[in-house]
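Summary of the model geometry
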Amino acid sequence: MTTNSAPSEPHRAVRWWLICVAALIALMVLVGGATRLTESGLSIVEWKPVTGSVPPLSEAAWAEAFEAYKKIPQYRELNSGMSLSEFKTIFWWEWSHRLLGRVIGVAYLLPFLFFLWRGGLSGELKRRLWLLFALGGLQGAVGWWMVASGLTERTEVSQYRLATHLSLALLIFAGIVWTVRRLEQRPQIAAPARLRFTSAVLLAVTFVQIYFGALVAGLRAGRAYNTWPEIDGALIPSAERLWFETPWWRNMFDNVLTVQFEHRMTAYVLIVLALLHAIDAVRSRAGAAASGALWLFAAVGVQAVLGILTLLNQVPIDLALTHQAVAIVVLTLAVMQVERLASRQSVQAQPRAVPVGQPG
């Protein structure tokens, strides 16, 4: 029988399973970031969901993989003359990224099927977990859709598709964090409705900022305009520089200056919103929500400082990956804050007690 303080063993098992999957997704996002920073994402030019899990095991196989890479524009225009040893370095980054995707699929599906077999999942939880599994499958297809954009005419993947790929990965991550939190039974926090609203706005702005960050990475925009607080010689660049492409909206996705500027401006908005939300939560004596708001504001502040340092140092890989890691922390705290303030209709891991190891 489940109580507020001591969840049942099957309940706890579901939570730890989901936490492990979320940790793997976070790791995969970081490996994906390293893959982008090392220009490794196009080193594998085929999508083989099953057999692709085995890397080249002979010199002949390595030579074949290298010859396939030599046929794409990135090699011809950027990496002509690359040695086989250098190719192996970028290959291992991309192979590791794809392998992690396969590991996550297995780590999600097999325990999920086990819990379904045991009959220990409520109807609502099953629907949510099936949705997350479907999104995971879609993510694999989006990943190849992204890679394919750089195999024929471009020397890098499309920034649109890169941003979609990252956003979907973190949407799945956020869905898992939310589900883990919903599996805990806690009393409803008495808080003003405006706190619930501002927490939701913070989460939405966090996703927008992550999307803009992916555009910055896709365009290598972090390696340009490496000054702060000014950008292109001013706090606010001239309209002629920001909006010269037509139609105007393309500047928001294709113009390096505009993309970096909107990423900066969204960061400022996020900091102000996080501060106002924290002040309101503390003044409202919202208990755990006040602590959560303060932690979220602190994480946003650290993330802003890391972003500035990454920019000023022209995106070194260590700072860039730390910046990305803290972005995941900010997202996690934002999801937890929204869930903390949401109405408490927790998802039950099981509608009835089922002993571990017995089918329901």
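See the structure shown above.
A quick note: this is a predicted structure, and the numbers were derived from the prediction, not measured. (Residues numbered from 1 in each chain as written. Predicted model: local features only at pLDDT ≥ 70, side-chain atom pairs only at ≥ 80, totals over all residues. Heavy atoms only, no water.)

**Details of the layout of surface pockets**
Which entries qualify depends on this criterion: Whether a set of points on the 1 Å grid over the protein atoms alone is a cavity depends on a 1.4 Å probe fitting there but being unable to get out, while an open set qualifies as a pocket with protein on both sides within 12 Å along at least five of seven lines; lining residues are those with an atom within 4 Å of a point. Grid points are joined across faces, edges and corners, and a volume is the space filled by probe spheres set on the points. Helix and strand assignments follow DSSP, with helices taken as H or I runs no shorter than four residues and strands as E runs no shorter than two, numbered in order from the N terminus. Note that Gly is not counted as nonpolar here; it falls among the polar residues with everything else outside the nonpolar set of Ala, Val, Leu, Ile, Met, Phe, Trp, Tyr, Cys and Pro and the charged set of Asp, Glu, Lys and Arg.
Its boundaries defined by the atoms lining it, the second largest pocket holds a volume of some 440 Å³. The wall of the second largest pocket is formed by 19 residues, among which I44, E46, K48, A65 and F91 lie closest to the centre. Listed by contribution, the elements that provide at least two residues to the lining of the second largest pocket are α2 (59–69) and α4 (84–118). Take the lining of the second largest pocket: its biggest share by element is 5 residues, from α2. Residues belonging to the lining of the second largest pocket are distributed by class as follows: 11 nonpolar, 3 polar and 5 charged.

**Regarding the packing of α2 against α4**
Note the following rule: For helices, the fitted line uses only the C-alpha atoms of the stretch in contact; every axis is such a line through C-alpha atoms, and the angle between N-to-C directions lies from 0 to 180 degrees. These descriptions rest on fixed angle ranges, namely under 35 degrees for roughly parallel, over 145 for roughly antiparallel, 65 to 115 for roughly perpendicular, and the rest for oblique. Only heavy atoms enter the contact rule, under which two residues are in contact if any of them lie within 4.5 Å.
Running from amino to carboxyl end, α2 crosses α4 at an angle of 80 degrees, the nearest separation of the two axes being 11 Å. Compared by their axis directions, α2 and α4 come out roughly perpendicular. Between α2 and α4, the residues in contact are E59, W62, A65, F66 and Y69 and L84, F87, K88, I90, F91 and W92, respectively.

**Notes on helix α10 (residues 256–283)**
Test applied: To estimate how far a helix should reach, multiply one less than its number of residues by 1.5 Å. Polar contacts, as used here, are pairs of N or O atoms within 3.5 Å; protein pairs need one atom able to donate a hydrogen and one able to accept it. Residues neighboring in sequence count only if both atoms are side-chain atoms.
Between its first and last C-alpha atoms α10 spans 41 Å; for 28 residues at 1.5 Å apiece the expected length is 40 Å, and the two agree. The backbone nitrogen of L257 lies 3.0 Å from a side-chain oxygen of the residue at the head of α10, namely N255. Just downstream of α10 lies R285, where phi reads positive at about 50 degrees.

**What about the nonpolar core?**
Which entries qualify depends on this criterion: Among buried residues, those of type Ala, Val, Leu, Ile, Met, Phe, Trp, Tyr and Cys that are joined through side-chain atoms within 4.5 Å constitute a nonpolar core. To sort residues, take the accessible area from a 1.4 Å probe on protein chains only and compare it with the maximum for the residue type: under 20% means buried, over 50% means exposed, and anything in between is partly exposed.
Formed by 60 residues in total, the largest nonpolar core has its most connected members in W17, L18, L129, F173 and I176. Sorting the residues of this core by element identifies α1 (9–37), α4, α5 (123–148), α6 (159–182), α7 (193–219), α10, α11 (288–312) and α12 (317–341) as the ones contributing at least two each. The greatest single-element share of this core, amounting to 11 residues, is contributed by α6. Ignoring anything within four residues of it in the chain, the contact list for L129 reads W17, L18, Y108, F112 and L121. Among the nonpolar cores identified, the runner-up in size contains 19 residues, and L42, I44, Y75 and L151 belong to it.

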